[in-house]
Amino acid sequence: MPATRLDGKALAATMRAEVAAAAAARAAAGRRPPGLAAVIVGDNPASQVYVRNKHRACQDAGFASWVHTLPAATTQAELLALVARLNADPAVHGVLVQLPLPRQIDEGAVLRAVAPAKDVDCFHPENVGLLATGHPRYYPCTPHGVVQLLHRNGIATAGREVVVVGRSNIVGKPLALMLAQKPTAANPAGGDATVTVAHTRTRDLAAVCRRAEVLVAAAGVPGVVTPDMVAPGAAVVDVGTNSVGGKLVGDVHPAVADVAGFLSPVPGGVGPMTITMLLVNTLAAAG
Ligand code: NAP
């Protein structure tokens with residue numbers, strides 16, 4: 001029997017309706033809408049698509065949304081000046097600087113310049129520290145999207161073997177942290193799982209992955225997870241978004257659907273969940 005589809009598009013629609021209802025309630029009470037400012041530097045086509053999608057999602061949810069597009073030659077000082085302006089603007093609750101940034105700009109310096117309270121991506125070291133110590137101000141969007149996709153589809157992680165392929169600061173590392181943490185009132189998304197993090201130096205990746213009852217692929221390598229790497233019935237979440245010949249493909253080989261119990265599609269899996277979690281964070285930032 002083919003794997004049950006973990007439909008991120010449908011779940012995202014449900015959760016966005018919840019967020020939109022909360023925004024409408026704020027408006028009815030005469031409060032200003034949650035506001036997200038996105039900054040994009042240069043003309044990276046993938047970044048433009050991401051920012052456009054985030055902007056649209058904000059508008060659909062009744063949020064205020066601004067996109068600041070700066071030329072590729074923007075200096076670090078110019079970008080920092082814009083971030084400072086957005087930090088000081090009371091209508092802006094969330095500030096997002098789309099990565100990657102051009103070479104002349106120190107990415108870390110820019111991420112550290114975003115006011116932690118407005119850091120709805122959860123990239124600022126203060127927010128990463130709060131997450132790591134079990135008192136998150138915000139959850140990072142893609143990892144939180146993965147956790148919601150699992151939990152809201154009834155896939156438990158507590159006490160189970162979870163393998164995360166990838167250890168980046170944006171996806172693998174914070175996701176592994178969240179899945180391993182004890183759930184508390186302050187940290188409800190803690191997954192209580194036994195987590196293994198795999199990467200390019202992992203010996204026998206296939207054997208490590210086969211241990212997983214829940215397997216998350218976040219390597220950025222098309223089709224790197226093949227059916228022989230998946231335990232029958234495992235839940236597999238595909239974070240990968242890779243462009244191959246103009247087509248969007250994941251990190252999980254399509255034939256995994258014949259082995260896995262659950263599988264998230266690409267597109268229509270984690271992608272829409274990521275943007276939804278950004279809306280959730282922006283709403284929370286608005287207070
Ligand atoms: P990244 O920074 O390139 O990190 C990739 C990680 O995967 C690294 O830790 C790397 O190991 C590991 N890896 C790469 N090839 C591997 C292999 N053959 N075997 C085992 N491990 C391997 O990428 P990222 O930013 O985490 O993104 C990962 C994927 O998710 C990309 O396709 C990206 O486009 C996608 N993504 C999707 C969303 C979404 O909303 N759907 C959001 C963010 C990212 P080393 O550390 O050893 O190099």
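Everything below is about the structure shown above.
Residues numbered from 1 in each chain as written. Predicted model: local features only at pLDDT ≥ 70, side-chain atom pairs only at ≥ 80, totals over all residues. Heavy atoms only, no water.

Contacts to the ligand come from 21 residues, most closely from R167, S168, T200, T241 and T274. Contacts to the ligand include S168, whose side-chain N or O atom sits 2.5 Å from an oxygen atom. A molecule is said to occupy a pocket when more than half its atoms come within 2 Å of that pocket's grid points, and by this definition the ligand occupies the largest pocket. It is helix α9 (residues 270-286) that provides the largest number of residues to the shell around the ligand, a total of three residues. A class-by-class count of the residues in the shell around the ligand yields nine nonpolar, eleven polar and one charged. (Near = heavy atom within 4 Å. Polar contact = N/O pair within 3.5 Å; in protein donor to acceptor, adjacent residues only side chain to side chain. 1 Å grid on protein atoms, 1.4 Å probe; cavity = no way out; pocket = protein on both sides within 12 Å on 5 of 7 lines; lining within 4 Å. Sits in = over half its atoms within 2 Å of the grid points. Helix = DSSP H or I, 4+ residues; strand = E, 2+ residues; numbered from the N terminus. Nonpolar A, V, L, I, M, F, W, Y, C, P; charged D, E, K, R; others polar.)

In this structure the tally under the stated criterion is three salt bridges. Salt-bridge contacts for R137 lead to E126; the nearest nitrogen and oxygen are separated by 3.1 Å. Note that R137 is positioned in the loop between α5 (125-132) and α6 (141-151) and E126 in helix α5, a separation of eleven residues in sequence. Owing to a relative accessible area of 35%, R137 belongs among the partly exposed residues under this scheme. Where R160 meets E213, a salt bridge forms, and the shortest distance between an N and an O atom there is 3.5 Å. Here E213 lies in the loop between α8 (205-210) and β7 (214-217) and R160 lies in the loop between α6 and β5 (161-165), a separation of 53 residues in the sequence. According to the relative accessible area criterion, E213 is partly exposed, its value standing at 31%. (Salt bridge = Lys/Arg side-chain N within 4 Å of Asp/Glu carboxyl O. Buried < 20%, exposed > 50% of the residue type's maximum accessible area, 1.4 Å probe, protein only.)

Moving on: the environment of G191. Along the chain, G191 turns up in the loop between α7 (172-180) and β6 (194-198). Considered as a pair, G191 and L177 are 14 residues apart in the sequence and their alpha carbons are 8.8 Å apart. Ignoring anything within four residues of it in the chain, the contact list for G191 reads T157, A158, M178, L179 and Q181. (Contact = heavy atoms within 4.5 Å.)

So, on to the state of the cysteines. All told, the structure shown has zero disulfides when counted by the stated rule. As a non-bridged cysteine, C58 has C141 as the owner of its nearest cysteine sulfur, 11 Å distant. Owing to a relative accessible area of 0%, C58 belongs among the buried residues under this scheme. Unpaired in this structure, C141 has its nearest cysteine sulfur neighbour in C122, at a distance of 8.2 Å. (Disulfide = S-S within 2.5 Å.)

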